[in-house]
Structures are given as C-alpha cells and as structure tokens.
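Listed below are the residues making up each chain.
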Amino acid sequence: MGSLLSSFGLNCGKEEVNEEERHIRANDRAFNLSRHYANNAIKTSKYNIFTFLPLNLFEQLQRLANAYFIFLLILQLIPQISSLSWFTTVVPLVLVLSITAAKDGTDDYNRHKSDKQVNNREVEVLIDGQLKKEKWMNVQVGDIIKLETDEFVTADLLLLSSSEPLNLVYVETAELDGETNLKVKQALTVTGEIGDSIENLAAFDGEVHCEPPNNHLDKFKGTLTLNGEVHSLDNDKILLRGCTLRNTEWCFGMVIFGGPDTKLMQNSGKTKFKRTSVDHLMNLLVLCIIGMLALLCTVLAIGNTIWETTEGSSFTVFLPSTDSSDPVLSGFLTFWSYVIILNTVVPISLYVSVEMIRLGNSFYINWDRKMYYPRKDTPAQARTTTLNEELGQIKYIFSDKTGTLTQNIMTFNRCSINGKSYGEVFDFSGQRMEITEKTEKVDFSWNPLADPKFAFHDHSLVETVKLGTPEVHAFFRLLALCHTVMPEEKKDGQLAYQAQSPDEGALVLAARNFGFVFRERTPESISVVEMGEHTTYELLAVLDFNNVRKRMSVIVRNPEGKLYLYCKGADTIIYERLHPSCTKLMEVTSEHLSEYAGEGLRTLALAYKEIDEGYFEEWRHRHYVASTAMDNREEQLDAVYEEIEKDLQLLGATAVEDKLQDGVPQTIEQLAKADIKIWVLTGDKQETAENIGYSCNLLREEMAEVFIVASNSPEEVREELRNARKKMNPRSGDEPTFIKSGILGKRSQVMQEEETDGEYAMVINGHSLAFALQKDMEMEFLRTACMCQTVICCRVTPLQKAQVVELVKKHKKVVTLAIGDGANDVSMIKAAHIGVGISGQEGMQAVLSSDFSFAQFRYLQRLLLVHGRWSYLRMCKFLRYFFYKNFTFTFVHFWYGFFCGFSAQTVYDQWFITLYNLVYTALPVLALALFDQDVNDRWSFQYPQLYSPGQLNMYFNKKVFLRILLQSCYCSLILFFIPYACVHDTVRDDGKDIADYQSFALLAQTSLLITVNIQMALDTYYWTAVNHFFLWGSMSVYFAVTFTMYSNGMFLIFTSSFPFIGTARNSLNQPNMWLTMFLSTMLCTLPVVAYRFLFIQLYPTINDKVRHKARQAKAAPPPTPRRFTRRRISTRRSGYAFSHARGYGDLVTSGRFLLRPKRTRPALFPVVDSPVTSTTPQTYRTITEEDESRSPTSE
Amino acid sequence: MMASSYNAKEEDGHHSGASGPGSSTVKSRKPDNTAFKQQRLPAWQPILTAGTVLPAFFVIGLIFIPIGIGLYVTSNNIKEFEIDYTGIDMSSPCFNCSQSFSWNSSVPCKCSLAFSLDQPFESNVFMYYGLSNFYQNHRRYVKSRDDSQLNGDSFSLTNPSKECEPYRTSENKPIAPCGAIANSLFNDTLELFYIDPNGTRTPIPLIKKGIAWWTDKHVKFRNPGGNNSNLTAIFQGTSKPVNWRKPVYELDTDPENNGFINEDFIVWMRTAALPTFRKLYRIIQKKNNMTPTLPRGNYTLEVTYNYPVRSFEGRKRMILSTISWMGGKNPFLGIAYITVGSVCFFLGVVLLIIHHKYGNRNNSSDIPN
C-alpha cells in the first residue's frame, strides 16, 4: 500500500499555467488531450542515465565546499602560484564527489523503481467501448475506469455508478487522512442508473466543469452537464487517489485529476532537502573561515609586497626575482599561493568525515535492540542518514494522536451496571490488582460466537450475565442494538464488524462476548443472538448521533411486541434526560463515571425506556413531517428527537479504553523533563483529544491552567489567545519581541522565548486553529502556544499540521520533530526538521516520507535522549576537534610567513600536509565521533536534563568556535615559536647543523601531531579499545611513514619526491629535539587541562555532575527507572465514545432510508426472515482477502 | 492499564524474537546483540578530578624544574665566541672589502680581525659561519635545486630541472650544480691564527671533513659517473654556476671531497629554516688531554672576503663553540623548562586552593530533577 506514496517526492507541476477551470468531456480523449491536462503518470525521480552525470556534478558543484576546492585546484595548476602539489587537492575531491554521486545515484534509482511500480499498476479502462487493462500512467483525464473491491483508486475520480444499492461505494481513506473507518461516497442518480452496462458507459458523454487542482481534501466543486441538464457535484461524488475501495464489488468512475494533479499529490508538499542546524552553522562558519582566510592571505600578501620592496629587491644577488619583479604583482601571486597553503582551515575531508559519522550513528539506530519491536519484527530505522545530531537538539515535538500515542484500538474495559462497577480485579485480600498480560482472562468459550481476542478480567460480570440479571441483560442488549455497526461474515464463518468508529465496535464486540451477539441488520430489523437464542428486533427508528446531540437512540420492537427506546450518549446529556426515579442510581453511576474518566477512559451512559405504542405512532408521524421539511430540517428533527428521549431509565455506563501504546506516559514524562514541548495535532475531536491528553500525561492536573480555545470568529479567537497569554505572563507585551538574526541578507524574524509562571497547556479546536493560522493572527497564536508546555490542536487537516510546524519553524529558532503514522501526517513529517514515522499501524506512507522510523512511540525517548544526545555530542566534539586541529596546523604557516619573506613556504614537509588529514589524524577523531559517550544510556534516561545543552546549542556554536580559534592561535604560536627559539642557533650534539629547514619541519610537525593527539585524548570521554588502537596506531603510523619516506630507498627511487632523506634519523636522535617537543606539547595542553578543571570546579555543568556521579556509582548500578504511577484525578472529564464523523450511520438512520418504499430498495443488507437462516454463513458478498488487521474491531 | 506492563526487560531483548506465525522460518530482523552494535563496548572513562589533575601539575612541575636547571647549567658550560666580520663600520678591518665587492675581481680581498678568548676552549671546538637576514628559506630559493642532479643522475646533469631557473643554463650549457642555492654558495675562506704571547702566529689546523650529515654525504649527494674519478671529464659540457669562480670539480683537491660531495657545498645545500642561521665550517680537533684546544689568548681571523651581504643588510659572523650532549649553547630551553615547571607548580597550588574552596560543587546530590 505504501509505495503508492513513496512518490510523494516532487510536486511535479509540469504545467504551471494558471488553470482557472477544468473542463473535461467523458470518453472524448481527443478533446481532453487538447486541454493538456496532466495524465496519471507520476515522476519523483530526478535524473536519467544521460542527465545523471552532468546534473549531479552540477548540483554537487553548487555546494560551496566543492566549488571552493575546484577553484583551489585551478589555482594549483598555475605554476607561479602553486605552492603545493596538485594531487593534494585532487585526490580528496574526486573521492568526495564520487561517493556523493554514488549515493545520489542509488537514491534516484530507488525512486525510479517505485515510480515505475506505481505507474505500471493496471486498471481497467474503457477504451473504444471495451474494458481494457491499462497501466496507471496511461490513464488520461476523462477516461472511464472500473475499480473493483480492495483496489487502490487510480486517480481522482468522479463516481459514476457502483455495484451497491443507492450507488454507494465504501472507501478507506487511511492513506489520505489517517482515519481507518470506512467512508461512503454516493454517485448521482443520473449516472448511477448506467450501472455496469458497458455500452451505456461508452456512450456516456457528460461534461464536467470543475475547479482546478488544489489540495483541499474535503472540498470539491463542479458541475456535470448531461443531456443538457446541469447537476452539481460535491465531494461526496469524488473518489480520491490514495483511497482503497472496500466492500464494493465494482464501481465506475471518470478521471477528473490525474497524477500530479490529484489531491493526494497536491497535498504531499514539496520535498525539501533537510539540513541540520549544525549544517547551517557549519556553512556559516565555513564562510567566516573563508573570510578569515582571505584576511590572513591579505596580510601575508601585503607583507610580501613590503618584503619584496625592501628586502627582496636587494636580495636579488642570491635570489633573482623572476618574471614577477613587480612587488605588487608578487604580492598578488603570494595571496593565491597562501590561499592554497592555508586552505587546510577548511579541509575537504571535513565534509566526508561528517557524512561518515552521521552514517555510523545512523547504523547505531538501526542496530539498537532496545528500539526493536519483537511483536512486529521491526527494528528502528534511520532512513535519512544526515540528520542525526539534530536529534539531540529537539525542542518541539509535533505528534499525531491516533496510532502514534494510541494504538487505535478500543477495548471495552469497565462498566457500571445498575450501580455496580465491573472490570477490576481484586486479590484475595481485596486489594486492587494491576492488570497485566499475565492476569487471567475471562473464559468465553461457553459462547461459540465470542471473539477469542476479546479480553476481560473480571469474572463476576460473566457470572452475573449467566445468572440472568435483567439489568445486565438489558445493558448488553442495548449495546447490541443501539449502534450503526455493520456485520460481516467472513469466508471462514467468522463474524466481523465494520464500525464507523472503533469505540462503537468495541462496545458491540463486548456485548457479543457477553452473549448478546449482534448478527445482522436490515433496514427494518436487527437480528441478535441473545444468550444462544436467536431474536429479531424490529428497528423502528434510529435517532442518530451528532455533535450537538452527543447521543444516539434506537427505537425497536422486541419479539414480544413491546416498544423500547435504547439510548447511549455522553453522561451529562443522558443525565438531563433521566427519569427522576433513578436519582440514586445516578449518584452511584456518577461516581463510577468519574473514576473511569480519571483513568482516562472514554465513557458513555446508557439508558432505555419503554414506549407506548400509540405515542410512538403519533411521534412517528411528526418525525416524518420533520424529516421531509424543506427548511430547518435539522433543527426540526432535533426537536422531535428531544421529545421522545426523555424520562429515560438509567442502565449504567461503559468505559472504553483508547489504548495507549506501551510506555507513552513515561515517555512523555521523560521528554517533558528534557524540556521538550509536545504539541499534539490530531484529527480527532476536542473531547477525545483532551482525554488522551490527560491519560498520557500531556495535560496534568497540577498544571496551572489548561486553556481551551474554541471560538467561531477570528476576533474571539484573538481575544482568547491574548487573554491566555496575559494570564500566563501578565507582563507580556502586546508586540512580540524578535531577535534579529540576519545572516547574509537572509533575514528571519526569530521570536524570543517568553517566561511563564507555571505550567500551562492549551487546547485549540479546528475552527479556531484555522483562524489562528491566518497571517494576521499567527504570531499571536505562536506566542501564546509557545508559552504553553503542551498544545493540543484538534480537528486538524494534514495541511494545517504542516502549517503549524512551518509556523514554529519559521519564527522560532528551534529544532522541531514531527511524529506520526498515517498519510495525514506526511505533510507534517516533511515540514518538520525531523520526521519520524511509526511503522506498522496504518500503512507505510508516513514511514516512507520520514527520516526515522520505528514501531512504538516510546522508542522516541531512546532516539532522542540516547541516540540524539550522543550524536549531537559526538558531532560537536568532532567539529570542535576538527577545527582545532586544522587551525593549529594552518596557523603555523602564517607565523612562518613572517620569517620566510612571506614567500608561501610551507612549514611542514609536503607529504605531511597531504597525509595529515587523510592518514595521521583521520582515524582517532573518527573513533571519537563514533564511540564517545559522556554517560551511558541508563544515566541518560535517569537525567533527561542532560538533553538540554543540545537544545541550547551549547556544544558547538559561534562562541565555542571563537574559543577554538583562540586556542588554535595560542597553540600555533607555541608550536612555531618554541621550536624556533630552541633550534635557533643551536647545533647537534656532534656540532653539525640542525637548524636547517628540514629538521625544523620535522620538529614542528611532530610537535603538532603529538599536541593534537593529546588534545584528542583530553576530549575523549570513552576510551574503547578502538580509540586506543587508533590513537596509538596513528602515532606509530606517523613515525613509520616518516622514517620510510625519509629513508635512503625512497629517495633513491623517487629522488625528487622525497628530498627529506635522513632528516628523521639525524634529528630525532637528538635529546634537545625531544625536549623541545615535550615542552611545546605541554605548553599547548596544560592550559587546557587547567581551564577545564577550573570550570568543573567552579561552574560544573549538569554533564559534569552526572559524569561525576556515574563514576562514584560505578560499582552500584544506576537505580531502576521509577515506576509511573497513574494519578487518580477527581475532576470529571467525560470523554464519550463516538467518532466525530457521520459515517454510514446516516444511511441506516436517515428518514430517506426509513421512508423509502420497500420495493425500490435493493438489498443493502440481506433480508433474513427466519432466525434459522441467519446462522448459515452469509454468501451475498465475497470479499477476497479482507485484511484482518484493517478492521479495528477484530484486533 | 497497559502502561504498567511496559517492561524494560522485554526491550532488552529477553523476548524470544518475533512471535508471529511462521517466524521460525523467516529470519528475524532483530539486531545482533553485540557490544559494538549496542554501544556497550567496554571502555575506560577518565574524568578530570582533583585526584588526577592536581598531582599531575605538581609532578610536571617537579620534573620540569630539575630538567630546566640541568639544561641551563649545561648550556652555560658551553663556551661560545662570536665575531661579526661583515665590515659595516668604518673601523672594521673588513670595511674596505665589503665596500669594494665584485664577483669578478680576480684578486681576492683579504682582511684580518683580531680577537681574544678570555677562557680556554677545552675539547673539540667547532667553527661556524653565521649569516643573518639571509632568506635561505624563501620558497623560490628553497625549490631552486635539482636533487636528481645532485644525486649523480647523468640525465639531470645535462638536463637540470626547471625549478633551477634562472640558474638552469648559462651560455647554452647546463649548469652543474644548478639553481639559486648552489649559485649562492658561501665562499669566504676563514683561517684562524693563534697569537702567542710572544707574537708568533700559529695557524690553527681546521678540519674540513666530517662537517656534513653522513646521509647527505653518502646518500643524498653523489657525483655523476659512478666510480669514475675523473670529475673534469664527467662535468664536461656543463657550465659552472654563474657566481662561482671555479667549476664544481675544482672545489677541492681531495677526490673524496670534490664535486657534489664537497662537504662545504653539502652543508650549504642543507638550507636553513630561518633567515638567521649558522653553518658548520670547520672542526678544531682536540690535540690531547693536557692542553686546551684553544688556549686563552689572542687570535686572528683571516678572512678571504668573497661573499657580499651588504646589499641586503646581511651580516656575517664567525662562531667558535664547544658542544655538549644537548648541542650548542642555547639557554632558552633551560629557562623555558624552569619557567614552565614553576608555573605548573604554582598553578597546582592555585587549583588546589580553588578545589578546597569550591570543589564540592559538582558532588552528586544537587542535580535537580
């Protein structure tokens, strides 16, 4: 299912001509082609075989670093300038370019493959009066195509006809909006009449005028002109690409939007190449460094000009000036010569190493057993290997709810029947026991129709049911009757329910297990197996649910002929409508309800009443009148419903658990401690979201206040936001304060963090959010929201999710992470700095567009607090060290410039320059960046505060960089002037020369290497065998290589390449050489040690403290993580278990449906007359390979 | 309720892999439980504690100071005498020579400087010439040589490297040895005389062999033509460097010290790192244990003044020095060691005080939770 959206990649806007109106003629390819609408092919790949090399090279050379090295290479080819051999640049550059090209190539190849797979899917298209199999990519706008059950919808279609009654089709939109329940689409009657007659379809010549492609999933405007009549089209008649056809044998549709124009692709947003903040900083620093380089070179060039004027011109006796006799020209050339020599401040190996480190750290994520989910056999996966260190800097998490925080599984957990609460387990001493997987489950084997997956732990309820207590029976009867669930008999005789909302499914399933099995429904009857007895109720009316009523009722006639009204709904609503006689029961039940709500369960109150036959007939008439009223139909119907739903008898209450994923509250607690703000962006309605907020610790009772923004006009929303802000911080000004951070013209407004005096949270509903996200209010919204610890946005569309993320990203200098599992989260996942996909819940789309993926929300804490933190730490250490070692290396040249006539003479041997970054210092720093950890994972969890340095960017920022610069300056001064002073005028112990250039070079480079290695040792917190091996190995390699290169053999073979013959032998046997090295390395490192020690003593960071503590506790293992205790909360928050959408409940219930004459109604559900037949397997619909995990009730 | 069943153990991998049907046949994607992959490699985790840092400072201080004192004393025991014979001052005996310089003058200009040694120089004495403000480390100068040619490569002998420009050819003949370094070979001749108290001048024997590195003399520099000792024939067809007065094969009469393997030439070719440098010129060997090599008294330095340095404000010096195990006289190293050692010790004390005063700030308990 997933690969369809793997192509989310590009927005393929081939024809960006402003399309004002789309005009399509069915079955008229010639006409449609003339309009040049995009066909159904999608293309997300970037290159083909021929364009790959030039395009990729071009792209790579656009990267500043690569261009810079090409430029250097060109410089080196000019003999007057070349101060280093050309290969010192070419070898690394070619290496870098080819590695990147290979990576890009494979990526694009994979995109090609997935494009091809999607484009080559086959669908039946009506061409020239015949159905032909055609590839998806060849489908054109205006084509009529046939879809069969469980097929993906090929493109955005106008539904023409279907196999189902009333021209209905059922689609699953999980990939589109993340909702797993089925949705109903209905074709126009005019087109529906065509049915599956191919001739008629081929003759169909309707013309569609509609809006141009856009990304509104829930809106469509258009007209269909057929036989001169104009029919209006709305979203109900459109099948969107990305949906899956369910429970519908076949349907025909006409392609309206194809490929890139489909709402799915329009909604996918653009793929942006994500870069980490460290990347940005690095780019900035590289620019600074280049500036610095230019400055250094200018100084040296001016020096050279002066030198040439004053000294050089008189030194011509021994050093004739060549063609560049002009001092200014000489200075100019020297400038470029020094550019080459000093280029090591930005070595190309930096970029390669950074990539390698990120890759390595990504592998750790893939390899982590603690992020592996055994039940689904899914390990965590780092899909993007370039963002690791950003994981250590997250400040905002944007989370989806369904499937991310929750499992999207509803379980019937508790119930209160006639004042007695069921569902808890007590041990012998009467203590409440925690229910774990090991707790004994109730055995439902006495009920052959029970679903074996249903788990309930309280045995007393079953006993009560078996005893036949009337209230309990009435309770479950209600659950079995009052709903809009549709039953479905699988091939193997298994009964499955298709519920509009998982809550309802859970309730009906519970009733089923307790012996009240809902078997079948027809528009006029409901068949139930009550404790093994087949019973058929006559369904007289369904008083449907809506958001205002917050309840639903059914009116049925039982086999005895009595009329009953069964009602379930939000407790407050039901309570208002109860008969005064049940006041006592109300009180008891209220207590239970609070208890359930306190545990984060979604509750419903159940009530019933018996209805007088005569009254009902009269009511029915009024109902008919109301349902056919032309205006105010809704209100009239509501009034009629209201009339009959009163004086109810309370039966009890149910509590359904929206099962959280394992460990979610703990994870959220940990993340909150790490000072990460969590925003939940959910498509759910407010109450549900709020409830989940409480149950997973996002909203806490001890919070100072939870603001609820639910207004219907922009002014009110603004007012509410402002009030909330004032409450949080009365000093907060009217105008937000911005930190100006304009770098190179890229000016962005960054909003300052504002203080609050307490923990706050905000819940904002869909309407208000839409207003809040408007241009003039977004800043107000952002300010208020960012002051809250938690923000919950309800009824959010996928695009709004992305907007929210973008808003925060744009105006806050923070790193954001979005986590989600469904296609509706894709835009958000792509918008955030880091996108995390939860794999295995609702298809793979989220995973495919994510940067990291794993199976459970709780792994997020490990990803951030352990992997992220370490990656950040390592990357920063790496960068700090890398810049240090290269600056130190390079600055020595600068100082030497003053003593060699600014002639761009290098201090070191050329071979040392070539190998310094590639060989001598490459591996130890790599080991540092791959293995280092300040404290182990357990301590990281123990002290989530360790995470905050990353959020504040403390380990690597401009200040740190400056400090490194100064340290390098100091070290380079030491490394040049100490050897200078020691060697100057001195001789060997046999009187021979040692102040020669070659010995000096050897002395300087050896001191340098030892110094940087000691610095490395100081930076390493975690000495594994590999670190030791690499560090000592590098030193040994240096000496081995040096002695080899300075040996007779090498000189005699390559005379001109190795002129340093004998230098090592002749100078390294001198004690004063070693004493000099010892002195200079000590002078370089001792201040660092003293400085660090001093800071640990005076201003220890959290990191130092924990490290200290970890060391003390080395023998004793760190304390086990504290158990999360669920707080009992007194406040009653009723979450009531209804889905927010009106699904096919409408159909079951609407007046139209009820009042339609029987004969015109084809069997929507099989009409079963006798109870006997209902036990035989149903055969009216063969559903091939119904994916079991898809059905929420069957889990 | 599920929350309570969340169990770290399960994540730790004690679960027996995937539990789905058919998992026994399909290889589990569970990552391997190796210390490397789980980042649990055993490791040494040092931290900077008072227990390690403070002793380190004291120890370093205590090591550095004696070394420094030793070095300083050693350096002080080395006897060194230096005399500038550039002839800048009117009063200087070499003033005339320095003024009337020309490369082509057939009559060498000679001057002699008198000096006296206050202390006798025991053991071997090394005689250096020193040049100042001479940029032997200039890039164009440094690369202006052909190591192949100097190594006796016969092809390079007649085809010197381009790097030697503009001293590559002269009069259409290749220069041997080519390049600016060779061309600027130091060619002053220094002679030393001891003036007896009674006035007699005794020439002091100056040994000119053994002044170059062994590797240079035997590996890096070789005359072309292998064992053929007739250097004149070998260098046939080449031209002498323009500034030289005589060709390379006439540098010395001793065939072991002639041509490219002439030690004066080799010493010169080992370019200096800094613009002020000294190069070994001659060795004055100790005669016996009874008499000092150079007794105290008056000396004369006879200079054949060939080498012009005035144009670039250069200086020429003659240095006499004894040596020790640490080489020549260089008080810097000793002083530096003493200073660094003292600073270390002092820092140690300061840190110790600071540690005692503030040191328990990072001690456990106060980590906010």
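Residues numbered from 1 in each chain as written. Chains lettered and ligands numbered in written order. Predicted model: local features only at pLDDT ≥ 70, side-chain atom pairs only at ≥ 80, totals over all residues. Heavy atoms only, no water.

**Regarding the overall build of chain A**
Okay, step 1: Looking only at helices and strands, one finds 41 helices and 36 strands in chain A.
Okay, step 2: Looking at the 1195 residues of chain A, the share that counts as buried comes to 63%.
Okay, step 3: Contacts in chain A between residues at least 24 apart in sequence constitute 74% of all its contacts with a sequence separation of at least 6. (Helix = DSSP H or I, 4+ residues; strand = E, 2+ residues; numbered from the N terminus. Buried < 20%, exposed > 50% of the residue type's maximum accessible area, 1.4 Å probe, protein only. Contact = heavy atoms within 4.5 Å.)

**Some thoughts on the overall build of chain B**
Okay, step 1: Broken down by element type, chain B carries 11 helices and 10 strands.
Okay, step 2: Within chain B, the fraction of its 369 residues that count as buried is 51%.
Okay, step 3: Considering only contacts in chain B between residues 6 or more positions apart, those separated by 24 or more positions represent 79%.
Okay, step 4: With an accessible surface of roughly 17000 Å², chain B has 55% of that area assigned to carbon and sulfur atoms. (Areas by Shrake-Rupley, 256 points an atom, 1.4 Å probe, with all protein chains shown as cover.)

**Focus on the state of the cysteines**
Residue and element names in this part refer to chain B.
Okay, step 1: Scanning all chains against the criterion turns up three disulfides over all chains.
Okay, step 2: Between the sulfur atoms of Cys94 and its disulfide partner Cys111 the distance amounts to 2.0 Å. A torsion of 85 degrees about the S-S bond marks the disulfide between Cys94 and Cys111 as right-handed. Taken together, the residues Cys94 in the loop between β1 (80-84) and α3 (95-99) and Cys111 in strand β2 (residues 109-117) connect sequence positions 17 residues apart.
Okay, step 3: For Cys111, a relative accessible area of 5% gives the class buried.
Okay, step 4: Across a sulfur-sulfur distance of 1.7 Å, Cys97 and Cys109 are joined as a disulfide pair. Here the disulfide of Cys97 and Cys109 is left-handed, its torsion about the S-S bond being about -85 degrees. Of the two residues, Cys97 sits in helix α3 while Cys109 sits in strand β2, which places them 12 residues apart along the sequence. (Disulfide = S-S within 2.5 Å.)

**A word on the sheet that holds strand β4 (residues 144-148) of chain A**
All names here are of chain A.
Okay, step 1: Spatial strand order, β3-β2-β4-β13-β5-β11: six strands in an open sheet with antiparallel pairing. Only two strands of the sheet have a single neighbouring strand rather than two, namely β3 (130-135) and β11 (238-239).
Okay, step 2: One ladder, built from six bridges, connects strand β2 (residues 122-127) with β3; its direction is antiparallel. The residue of β3 that forms the bridge with Leu126 is Leu131. (Pairing = 2+ DSSP bridges.)

**Re the packing of helix α3 (residues 49-62) of chain A against helix α4 (residues 64-76) of chain A**
All names here are of chain A.
Okay, step 1: At a minimum axis distance of 5 Å, the contact between α3 and α4 shows a crossing angle of 95 degrees. Here α4 runs roughly perpendicular to α3, going by the angle between their axes. Each of Gln60, Leu61 and Gln62 in α3 lies in contact with α4, whose residues at this interface are Leu64, Asn66, Ala67 and Ile70.
Okay, step 2: Looking at the contact of α3 with α4 residue by residue, the class counts come to four nonpolar, three polar and no charged. (Axes fitted to C-alpha atoms, helices over the stretch in contact; angles between N-to-C directions. Parallel < 35°, antiparallel > 145°, perpendicular 65-115°, else oblique. Nonpolar A, V, L, I, M, F, W, Y, C, P; charged D, E, K, R; others polar.)

**A look at helix α15 (residues 502-513) of chain A**
Residue and element names in this part refer to chain A.
Okay, step 1: Given a rise of 1.5 Å per residue, 12 residues ought to cover 16 Å, and the 16 Å separating the end C-alpha atoms of α15 matches this to within 8%.
Okay, step 2: For α15, the tally of buried residues reaches 12 of 12 residues, placing the bulk of the element in the interior.
Okay, step 3: All of the buried residues in α15 are Pro502, Asp503, Glu504, Gly505, Ala506, Leu507, Val508, Leu509, Ala510, Ala511, Arg512 and Asn513.
Okay, step 4: Downstream of α15 by one or two residues, Gly515 has phi in the positive range, about 100 degrees. (Expected span 1.5 Å × (residues − 1).)

**Details of the environment of Ser114(A)**
Residues and elements named next belong to chain A.
Okay, step 1: Note that Ser114 resides in helix α5 (residues 87-119).
Okay, step 2: By relative accessible area, which is 13% here, Ser114 ends up buried.
Okay, step 3: Between the C-alpha atoms of Ser114 and Ser45, which are 69 residues apart in sequence, the distance is 9.2 Å.

**Points about the domain arrangement of chain A**
Okay, step 1: Once the domains are mapped, chain A shows domain 1 (41-118), domain 2 (144-268), domain 3 (360-404 + 661-740 + 748-866), domain 4 (409-659) and domain 5 (876-1108).
Okay, step 2: Spacing between the C-alpha centres of domain 2 of chain A and domain 3 of chain A amounts to 34 Å. (Domains from an automatic or database assignment.)

**Some remarks on helix α24 (residues 778-787) of chain A**
Okay, step 1: The element α24(A) is extensively covered by neighbouring structure, given that 10 of its 10 residues are classed as buried.
Okay, step 2: Along α24(A), the residues classified as buried are Glu778(A), Met779(A), Glu780(A), Phe781(A), Leu782(A), Arg783(A), Thr784(A), Ala785(A), Cys786(A) and Met787(A).

**Some thoughts on the environment of Glu610(A)**
All names here are of chain A.
Okay, step 1: In this structure, Glu610 sits in strand β25 (residues 602-611).
Okay, step 2: Put simply, Glu610 and Tyr566 are 44 residues apart on the chain and 8.7 Å apart in space, counted from C-alpha to C-alpha.
Okay, step 3: With sequence-adjacent residues up to four places away left out, Glu610 is seen in contact with Lys562, Leu563 and Tyr564.

**Description of the UniProt feature "active site" (unreviewed entry) in chain A**
Residues and elements named next belong to chain A.
Okay, step 1: Sequence positions flagged by UniProt for "active site" (unreviewed entry) are, in local numbering, Asp400.
Okay, step 2: Secondary-structure assignment places Asp400 in the loop between β15 (394-399) and β16 (406-417).
Okay, step 3: When sequence neighbours within four positions are dropped, the list of residues in contact with Asp400 reads Leu405, Leu681, Lys801, Ile819, Gly820, Asp821, Asp825 and Met828. (UniProt positions renumbered as here; feature names shortened; annotations may be inferred.)

**A closer look at the UniProt feature "transmembrane region" (unreviewed entry) in chain B**
Residues and elements named next belong to chain B.
Okay, step 1: The positions UniProt marks with the feature "transmembrane region" (unreviewed entry) are residues 47-73 and 332-354.
Okay, step 2: In the segment residues 47-73, helix accounts for 89% and strand for 0%; the C-alpha atoms at its two ends are 38 Å apart.
Okay, step 3: End-to-end, the C-alpha atoms of residues 332-354 are 32 Å apart, and along that stretch the chain is 100% helix and 0% strand.

**Details of the domain arrangement of chain B**
Note: interface size is frequently given as the accessible area lost on complex formation between the parts.
Okay, step 1: We note that the domain assignment places domain 1 (52-78 + 331-358) and domain 2 (80-323) within chain B.
Okay, step 2: For domain 1 of chain B and domain 2 of chain B, the distance between their C-alpha centroids amounts to 42 Å.

**Remarks on the nonpolar core**
Okay, step 1: The biggest cluster of nonpolar side chains holds 208 residues, and the ones touching the most others in it are Trp268(B), Leu301(B) and Leu320(B).
Okay, step 2: For this core, the leading source of residues is helix α28 (residues 859-897) of chain A, giving 17 residues.
Okay, step 3: With near-sequence residues (within four places) excluded, Leu320(B) lies in contact with Lys79(B), Glu80(B), Phe81(B), Phe115(B), Phe121(B), Val125(B), Phe126(B), Met127(B), Leu192(B), Ile284(B) and Leu294(B).
Okay, step 4: Residues Phe454(A), Phe456(A), Val462(A) and Phe476(A) belong to the second largest nonpolar core, which totals 52 residues. (Core = buried A, V, L, I, M, F, W, Y, C linked by side-chain atoms within 4.5 Å.)

**Points about unusual backbone geometry**
Residue and element names in this part refer to chain B.
Okay, step 1: Glu165 connects to Pro166 through a cis peptide bond whose omega is 0 degrees.
Okay, step 2: Tracing the backbone through its elements, the reader meets Pro166 in the loop between α6 (154-158) and β4 (169-170).
Okay, step 3: Pro177 follows Ala176 through a cis peptide bond whose omega is -10 degrees.
Okay, step 4: Of note in this structure, Ser123 is not a glycine but carries a positive phi near 45 degrees.
Okay, step 5: Relative to the helices and strands, Ser123 is located in the loop between β2 and β3 (125-132).

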